2 protein chains.
Amino acid sequence: MRISELSVKSGVAIPTIKYYLREGLLHQGEQTAATRAEYDGSHLRRLRLIRALLEVGRLPVASIKKVIDAVEDESLPIHEMLGIAHYALGPTVEPEPGEDWRLAREQVDRLITDLGWNIHPDAPTRDELAQTLVRMRQLGLPIDLTPYVEAARKLVSEVEMDTIPFHGPRDAAVEALVLGTVLYGKALDTLRRLAQESESAQRLNPQS
Amino acid sequence: MRISELSVKSGVAIPTIKYYLREGLLHQGEQTAATRAEYDGSHLRRLRLIRALLEVGRLPVASIKKVIDAVEDESLPIHEMLGIAHYALGPTVEPEPGEDWRLAREQVDRLITDLGWNIHPDAPTRDELAQTLVRMRQLGLPIDLTPYVEAARKLVSEVEMDTIPFHGPRDAAVEALVLGTVLYGKALDTLRRLAQESESAQRLNPQS
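Per chain, the residues get numbers from 1 upward, laid out in the order the sequence is written. Key to labels: chains lettered from A, ligands numbered from 1, both in the order written. At least 70 in pLDDT is required for a residue's local features to be given in this predicted model, at least 80 for side-chain atom pairs to be given and counted, and no such filter applies to totals for whole chains, interfaces and linings, which use all residues. The side-chain quantities take in all heavy atoms of the structure and omit both hydrogens and water.

An unreviewed UniProt entry lists chain A under the name MerR family transcriptional regulator, with Nonomuraea marmarensis given as the organism.

S.K.: Looking at this structure, how should I read the domain arrangement of chain A?
M.R.: By a widely used convention, the size of an interface equals the accessible area lost when the partners come together. Residue and element names in this part refer to chain A. Segment limits for the domains were obtained from an automatic or database-derived domain assignment. You can read the domains of chain A as domain 1 (1–56), domain 2 (76–88 + 148–208) and domain 3 (91–143). Placing the centre of domain 1 and that of domain 2 at their C-alpha centroids yields a distance of 28 Å. We call two residues contacting when some pair of their heavy atoms lies within 4.5 Å. Contacts between the two partners involve five residues from domain 1, matched on the other side by six residues from domain 2. Summed over both partners, the accessible area lost on bringing two parts together, with a 1.4 Å probe, is the buried area. Buried area between domain 1 and domain 2, both sides added, is near 520 Å², and the carbon and sulfur share of it is 76%. Any pair of nitrogen or oxygen atoms within 3.5 Å is treated as a polar contact; in protein, a donor-acceptor pairing is required on top of that, and neighbouring residues in sequence qualify only through side-chain atoms on both sides. Inspection of the domain 1/domain 2 interface yields zero residue pairs in polar contact (both at pLDDT 80 or more). Residues are grouped as follows: Ala, Val, Leu, Ile, Met, Phe, Trp, Tyr, Cys and Pro are nonpolar; Asp, Glu, Lys and Arg are charged; every other residue, Gly included, is polar. The residue inventory of the side of domain 1 that touches domain 2, partitioned by class, reads four nonpolar, no polar and one charged.

S.K.: Would you explain the interface of chain B and chain A in this entry?
M.R.: Chain B puts 78 residues into the contact, and the matching count from chain A is 78 residues. Here chain B packs against chain A, burying approximately 7900 Å² in sum over the two surfaces, 66% of which is carbon and sulfur. The largest per-residue losses of area from chain B upon contact with chain A belong to Leu 139, Tyr 148 and Arg 192 of chain B, which jointly make up 10% of the total buried on that side. Salt bridge, as used here: a side-chain nitrogen of Lys or Arg that lies within 4 Å of a carboxyl oxygen of Asp or Glu. Where chain B meets chain A, there are eight salt bridges. We note a salt bridge from Glu 128 of chain B to Lys 186 of chain A, for which the minimum N-O separation is 3.7 Å. Viewed at the interface, chain A and chain B are joined by 30 residue pairs in polar contact (both at pLDDT 80 or more). Those elements giving two or more residues to the side of chain B that touches chain A turn out to be helix H3 (41–56), helix H5 (78–88), helix H6 (99–115), helix H7 (124–138), helix H8 (146–158) and helix H9 (170–204) of chain B. Here a helix means four or more residues in a row that DSSP labels H or I, a strand means two or more in a row labelled E, and each is numbered from the N terminus. Tallying contributions element by element places H9 of chain B first for the side of chain B that touches chain A, with 24 residues. Taken together, the residues of the side of chain B that touches chain A break down into 38 nonpolar, 23 polar and 17 charged.

S.K.: Help me out: how do you make sense of the pairing of strand S1 (residues 30–33) of chain A in this one?
M.R.: Regular strands place their side chains on alternate faces of the sheet. Residues and elements named next belong to chain A. Pairing between S1 and strand S2 (residues 36–38): three bridges, direction antiparallel. When the bridges of S2 are listed, Gln 31 appears paired with Ala 37. In short, DSSP must find at least two bridges between two strands for them to pair. Between S1 and S2, which pair antiparallel in sequence order, lie two residues.

S.K.: Please explain the packing of helix H4 (residues 61–72) of chain B against H5 of chain B as it appears in this structure.
M.R.: Packed helices, taken two at a time, are described by their axes: the angle between them and the distance between them. Residue and element names in this part refer to chain B. Every angle, taken between N-to-C directions, lies between 0 and 180 degrees, and every axis is a line fitted to C-alpha atoms, over only the stretch in contact when it is a helix. It is at 9 Å that the axes of H4 and H5 come closest, and there the two elements cross at 165°. The pairing of H4 with H5 is recorded here as roughly antiparallel in orientation. Regarding H4 and H5, the two cross each other, and that crossing is left-handed. Along its contact with H4, which presents Ser 63, Lys 66, Val 67 and Ala 70, the element H5 presents Met 81, Ile 84, Ala 85 and Ala 88. Across the contact of H4 with H5, the residue classes tally to six nonpolar, one polar and one charged. By definition in this entry, angles of less than 35 degrees are roughly parallel, angles greater than 145 are roughly antiparallel, angles of 65 to 115 are roughly perpendicular, and the rest are oblique. Crossing handedness is defined as follows: a turn of the near helix away from the far one that is anticlockwise and smaller than a right angle gives a left-handed crossing, while the clockwise case is right-handed.

S.K.: Looking at this structure, how should I read the pattern of salt bridges?
M.R.: A pair can form between side chains of opposite charge whenever their charged atoms are brought close. Within this structure, the stated rule accounts for 36 salt bridges over all chains. Close ionic contact of Arg 192 of chain B with Glu 160 of chain A constitutes a salt bridge, the shortest N to O distance being 2.9 Å. Here Glu 160 of chain A lies in the loop between helix H8 (146–158) and helix H9 (170–204) and Arg 192 of chain B lies in helix H9, a pairing that spans two chains. Residue Glu 160 of chain A is classed as buried on the basis of its relative accessible area of 3%. Note that Asp 162 of chain B is salt-bridged to Arg 203 of chain A, the shortest N-O span being 3.1 Å. Of this pair, Asp 162 of chain B sits in the loop between H8 and H9 while Arg 203 of chain A sits in helix H9, which puts the two residues in different chains. Exposed residues in this analysis have more than 50% of their type's maximum accessible area, buried residues have under 20%, and partly exposed residues fall in between, with area computed by a 1.4 Å probe over protein chains only. By relative accessible area, which is 52% here, Asp 162 of chain B ends up exposed. For Arg 203 of chain A, a relative accessible area of 30% translates into the label partly exposed. Sharing partners across several salt bridges, the network here consists of Glu 128 and Glu 160 of chain A together with Lys 186, Asp 189, Arg 192 and Arg 193 of chain B.

Quick look at the structure:
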């Protein structure tokens, strides 16, 4: 299909498609004449992926680029490729000076060891969790992560990982991991806030 | 304490404290002389709250202002006050034209009715979940929310709501709701990504 049809089918404006082509987020079409390129279903699917990452995942373009580079670089072993995509989805957290941080980070490392989880020693998610623990402690929130660990483990092992085609094409595996992480994460977060509103309404107005 | 001591104890720079005072995020201290005000523990606690909302919740200043206005406006009934704080925590989602959106929104409303959840008809969380469902459908992800509904309900009813002092001072209730929503949500999201990395490592390298 031509770029005009790609635009109609994807709902993405032509100038935006050209921007994605220039930035390398979208692979080039097949050049069929000097000023004409042909696009196919892979471009349509990629545009939907970019849109989901932008609008639902709220990732900046630089992070989207990293994810897509990992999908396209066939020389990367699958585990590293998935890790790059995965880490791009998290926020960047800088370790903070002081005892609070050191203790929280130790708590995270101990938790991971105790659970027997297989996590890279430099995984940025360790610092991310440590930051949350520091804030919880500073603000006096109770810090028992057990129910959250259980919920996360159950969802991931019983549901989410089964949706990922680990032994199929590598792009499909990354795509499923990224989309699942972002979209199921978003659904879970929204459902949690819905449950909070409902529970709060019931506790405050038992007759309602 | 003077503003200099407030700065040291909170770790927030004096110009930033003055900015929060001007924006109404931080309540004024007690004026003890023309150029001198006295601050207390309530200011220290408020600065920690602002920092948590900014750094952990990643809320823009306008949203933080809304939350704090709701905490301070004693004329607001507690359920409305909690709602304002709660809705400020979610993203702003605009309904999209088309059949996909209509179907997804219907699915959300039906889910809430079937669950018997007590949710305001105009709650922005309804559109937020609809948007995620539209993306899932467009990208071909399986949409069975049951395990996520169960996880959310369990965490909220068995753990989170018990940390909120509904019948104590109103500011404490909002603060606990906001902090719990943001920080436990963040912890859950990070733990989910940690569980994914571990599960992925084990499935790809069974000997590790």
